Amino acid sequence: MARPVKLDDAQIEALLATVPEWERRDDTLFRAFRFTNFRTAFAFMTQLAIVAEKLDHHPEWFNVYNRVEITMTTHDADGITELDGAFATTADQIAIEMGAQ
Ligand code: H2B
């Protein structure tokens, strides 16, 4: 894949409109997910790990029991790129399948 390009502020705003549950935190995208229990939270992370390998794009994440917090950025581009948007979109889809609250 071509090197992802760092998005500018207007492009990030447009991206956030497509994944409204995510918020911008400086040069990262952030979302907290909550599931029924640890098992479901971990199943979500397992599914997403497979996606991360396919995209060669990996989350920074934090898990306690049923909670998963994800921070995405593209170190290679020193900011937010389309890859972070793609990851966020996929994470949202898998979260719905897993019954995230
Ligand atoms: N994941 C994320 N989130 N950002 C990156 O810049 C990134 C990555 N870079 N996964 C990739 C791997 C790079 O370090 C390797 C060498 O492909």
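This write-up is about the structure you can find in this document. These numbers were taken from a predicted model, which means no experiment stands behind them.

If you walk through the whole model with that rule in mind, you get four salt bridges. Between Arg25 and Glu23 there is a salt bridge, with the nearest N and O atoms lying 2.8 Å from each other. The partner of Asp92 in a salt bridge is Arg31, with the nearest N and O atoms 2.7 Å apart. Residue Asp92 is located in helix 3 (residues 82-97), and its partner Arg31 is located in strand 2 (residues 28-34); the two are separated by 61 residues in the primary sequence. Each member of the pair, Asp92 together with Arg31, is buried.

Next up on the list: helix 2 (residues 38-55). Its 18 residues place the ends of helix 2 25 Å apart at the C-alpha level, agreeing with the 26 Å of an ideal helix rising 1.5 Å per residue. Considered for burial, the residues of helix 2 that qualify are Thr40, Ala41, Phe44, Met45, Leu48, Val51 and Ala52. Each buried residue of helix 2 sits inside an arc of 135 degrees when the element is viewed along its axis, so together they form one side. Helix 2 presents Arg39, Glu53 and Lys54 as exposed residues on the side facing more than 90 degrees away from its buried surface. Residues of helix 2 that are buried make contact with strand 2, strand 3 (60-64), strand 4 (67-72) and helix 3.

One finds Trp22, Phe33, Phe35, Phe44, Leu48 and Ile70 to be the most contacted residues of the largest nonpolar core, which totals 25 residues. Within the residue set of this core, elements represented by two or more residues are helix 1 (9-18), strand 2, helix 2, strand 4 and helix 3. Of the residues forming this core, the biggest block, six residues, is contributed by helix 2. Ignoring anything within four residues of it in the chain, the contact list for Leu48 reads Trp61, Ile70, Phe87, Thr90, Ala91 and Ile94.

Enumeration over the complete set of coordinates arrives at five aromatic pairs. Taken together, a centroid distance of 6.0 Å and an interplanar angle of 75 degrees make the contact between Trp22 and Phe33 edge-to-face. In this pair, Trp22 is assigned in the loop between helix 1 and strand 1 (23-25) and Phe33 in strand 2, connecting sequence segments 11 residues apart. Classification of Trp22 as buried rests on a relative accessible area of 4%. Seen from their ring centres, Phe33 and Phe44 are 4.9 Å apart, and the 45 degrees between their planes marks the pair as tilted. Residue Phe33 is located in strand 2, and its partner Phe44 is located in helix 2; the two are separated by 11 residues in the primary sequence. You can call Phe33 buried: its relative accessible area is 1%. Classification of Phe44 as buried rests on a relative accessible area of 0%.

Rules behind the numbers
- Residues numbered from 1 in each chain as written.
- Predicted model: local features only at pLDDT ≥ 70, side-chain atom pairs only at ≥ 80, totals over all residues.
- Heavy atoms only, no water.
- Salt bridge = Lys/Arg side-chain N within 4 Å of Asp/Glu carboxyl O.
- Helix = DSSP H or I, 4+ residues; strand = E, 2+ residues; numbered from the N terminus.
- Buried < 20%, exposed > 50% of the residue type's maximum accessible area, 1.4 Å probe, protein only.
- Expected span 1.5 Å × (residues − 1).
- Arc of directions from axis to C-beta.
- Contact = heavy atoms within 4.5 Å.
- Core = buried A, V, L, I, M, F, W, Y, C linked by side-chain atoms within 4.5 Å.
- Phe/Tyr/Trp six-rings, centres within 6.5 Å; stacked < 30°, edge-to-face > 60°.

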